Amino acid sequence: MKAVLAAAVISLVGALLGTPMFIKFLVRQGYGQFIRDDGPTSHHTKRGTPTMGGAVIIGSSLAAYGLAHLITFTPLTWSAVLVLFLMAGLGLVGFLDDYIKISKQRSLGLRSGEKLAGQTLVAVVFAVLALQFPNSHWRTPASTQISFVRDTPVDLAFAGPLIGLILFVIWANLMIAGTSNGVNLTDGLDGLATGASVMVFAAYVLIGIWQGNQNCQLTPGLKCYEVRDSRDLAVVAAACMGACFGFLWWNASPAKIFMGDTGSLALGGALAGLAITTRTELLIIILGGLFVAITLSVIIQVGSFKLTGKRVFRMAPLQHHFELLGWNEVTIVIRFWIVAGLFVALGLGLFYAEWVVGAQ
């Protein structure tokens with residue numbers, strides 16, 4: 001618990017103090033956001049706002065995790081290190097995308113194929129390694145069993161370990177791509193993705209602590225959790241939560257800095273990694289319900305236009321639809337935060353209800 005608190009505080013302070021220094025650096029370098037011409041016209045005033053702020057979130061999270069372990073004299077764990085690798089790796093892909101946009105002064109950075117290749121490479125390395133490194137109880141960071149609030153009977157290794165590895169890599173790639181791109185699509189208004197991410201990371205702090213207290217490796221029982229490093233995963237979630245909180249101070253409307261793809265891909269990767277390693281893979285669909293809804297709005301819009309030539313929304317992603325309806329940006333952000341909070345509450349409720357019902 002001390003490591004969880006230390007990670008949260010250190011990352012919060014690091015992002016809170018580090019972000020304005022990073023803003024000054026970006027301004028001196030002339031690294032400002034390029035705004036798409038086909039986006040809402042109200043966004044044109046944001047042209048030139050420093051971007052790539054996700055680097056502060058990543059740096060603060062990594063530093064906080066490491067310092068928390070130094071302070072508490074506790075060893076690092078493979079589960080946590082792999083989640084942070086996934087976060088940093090996808091953040092690097094996002095950084096390259098952001099840098100090309102800025103240097104070329106265009107709204108498109110990496111080509112879609114290049115971006116997907118980068119995401120896939122990082123995700124494959126994570127997925128393969130996540131099935132390695134068994135501890136003394138033969139628990140690996142991830143499992144080939146599909147999970148909801150814990151592992152289900154559905155096992156991807158039904159035809160042997162090799163098939164299980166291949167199918168798990170595909171499954172993990174789908175999860176990571178979906179989550180990272182979901183956060184990326186949500187990052188369209190000041191503070192929206194950052195605030196929503198804070199809530200989901202907070203949920204994983206609670207999940208990690210709860211699983212740690214009911215872990216099969218410490219307290220075997222009927223409803224214990226088969227998670228390798230649950231308590232350390234709570235430390236990772238706390239570090240990410242604190243970093244997002246500190247960044248939100250400067251990212252709230254009117255934003256002094258944007259996280260860019262550097263931040264949105266990294267945060268999505270961290271959430272997917274936490275879902276996989278805490279064995280709550282399908283629960284992330286509920287906990288991150290806002291990201292899912294916004295992603296679906298894009299899928300519906302594109303599908304409808306290709307099939308019928310008509311648009312369902314005035315503009316996708318969903319937040320821009322409400323902008324064109326005349327809603328104030330701050331109003332949209334706060335109401336979407338409320339929706340995100342309701343999804344998180346529902347997800348935590350289901351997580352706890354499963355334990356209560358199953359324990360009877």
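Residues numbered from 1 in each chain as written. Predicted model: local features only at pLDDT ≥ 70, side-chain atom pairs only at ≥ 80, totals over all residues. Heavy atoms only, no water.

**Brief notes about a nonpolar patch on the surface**
Heads up, the rule is: Exposure above 30% relative accessible area and the lack of any salt bridge qualify a residue for a patch; like charges then connect within 9 Å, and the nonpolar side chains Val, Leu, Ile, Met, Phe, Trp and Tyr within 5 Å. Accessibility throughout is a Shrake-Rupley quantity obtained with a 1.4 Å probe, and a residue counts as covered only by protein chains that appear here. The salt bridge definition used is simple: a Lys or Arg side-chain nitrogen within 4 Å of an Asp or Glu carboxyl oxygen. Every helix listed is a DSSP run of H or I at least four residues long, and every strand listed is a run of E at least two residues long, numbered separately from the N terminus.
Together, F148, L282, I285, V292, L296, I299, I300, V312, L346 and L350 give the surface a local cluster of nonpolar side chains, amounting to about 790 Å² of exposed area. Mapped by element, the contributors of at least two residues to the nonpolar patch are α10 (289–308) and α12 (329–359). Sort the elements by how many residues they give to the nonpolar patch and α10 lands first, with four residues. Structurally, V292 is set in helix α10.

**Here's the deal with the state of the cysteines**
What counts here: Two cysteine sulfurs form what is called a disulfide whenever their separation falls within 2.5 Å. Relative accessibility thresholds used throughout: buried, under 20% of the residue-type maximum; exposed, over 50%; partly exposed, between the two (1.4 Å probe, protein chains only).
All told, the structure shown has one disulfide when counted by the stated rule. The disulfide partner of C216 is C224, and the gap between their sulfur atoms is 1.9 Å. Between C216 and C224 the sulfur-sulfur dihedral comes to about 95°; the bridge is accordingly right-handed. Judged on exposure class, the residue C216 and its partner C224 are both buried. In this structure C240 is a free cysteine whose sulfur lies 6.7 Å from that of C244, the closest cysteine sulfur available. By relative accessible area, C240 is classed as buried at 0%.

**What about the packing of helix α1 (residues 2–29) against helix α7 (residues 230–251)?**
In a pair of packed helices, the angle between the axes and the distance between the axes together describe the arrangement. Operational definition: Where helices are involved, their axes are fitted lines through C-alpha atoms of the stretch in contact, as for all axes, and angles between N-to-C directions lie from 0 to 180°. In these notes the angle categories are as follows: under 35 degrees is roughly parallel, over 145 is roughly antiparallel, 65 to 115 is roughly perpendicular, and the rest is oblique. By convention the crossing between two helices is left-handed if the near helix lies anticlockwise of the far one by an angle smaller than a right angle, and right-handed if it lies clockwise. Ten residues, namely Ala, Val, Leu, Ile, Met, Phe, Trp, Tyr, Cys and Pro, are considered nonpolar, four, namely Asp, Glu, Lys and Arg, are considered charged, and the remaining ones, Gly among them, are considered polar.
Interaxial distance between α1 and α7 falls to 7 Å at its minimum, and their mutual angle equals 30°. Overall, the two elements α1 and α7 adopt an arrangement that is roughly parallel. Crossing of α1 over α7 shows right-handed handedness. Residues that form the contact of α1 with α7 fall into these classes: 19 nonpolar, four polar and one charged.

**Some points on the pairing of strand β2 (residues 151–155)**
Formally: A pair of strands counts as paired when DSSP detects no fewer than two bridges linking them.
Note: strand β1 (residues 145–147) against β2, two bridges, orientation antiparallel. Each bridged residue has a counterpart across the sheet, and for S147 the counterpart in β2 is D151.

**Concerning the pattern of salt bridges**
Counting across every chain of the model gives ten salt bridges. Ionic pairing is found between R150 and E354, a salt bridge with its closest N-O pair at 3.0 Å. Pair noted here: R150 is in the loop between β1 and β2 and E354 is in helix α12, with a separation of 204 residues, a long-range link. Exposure remark for R150: the relative accessible area of 16% places this residue in the buried category. Judged by relative accessible area, which is 22%, E354 ranks as partly exposed. The shortest N-O distance in the salt bridge between D151 and R279 comes to 2.8 Å. Residue D151 is located in strand β2, and its partner R279 is located in the loop between α8 (260–277) and α9 (283–287); the two are separated by 128 residues in the primary sequence. For D151, a relative accessible area of 22% corresponds to the partly exposed category. Three or more residues joined by partner-sharing salt bridges are found here, namely D97, K101, K115 and D261.

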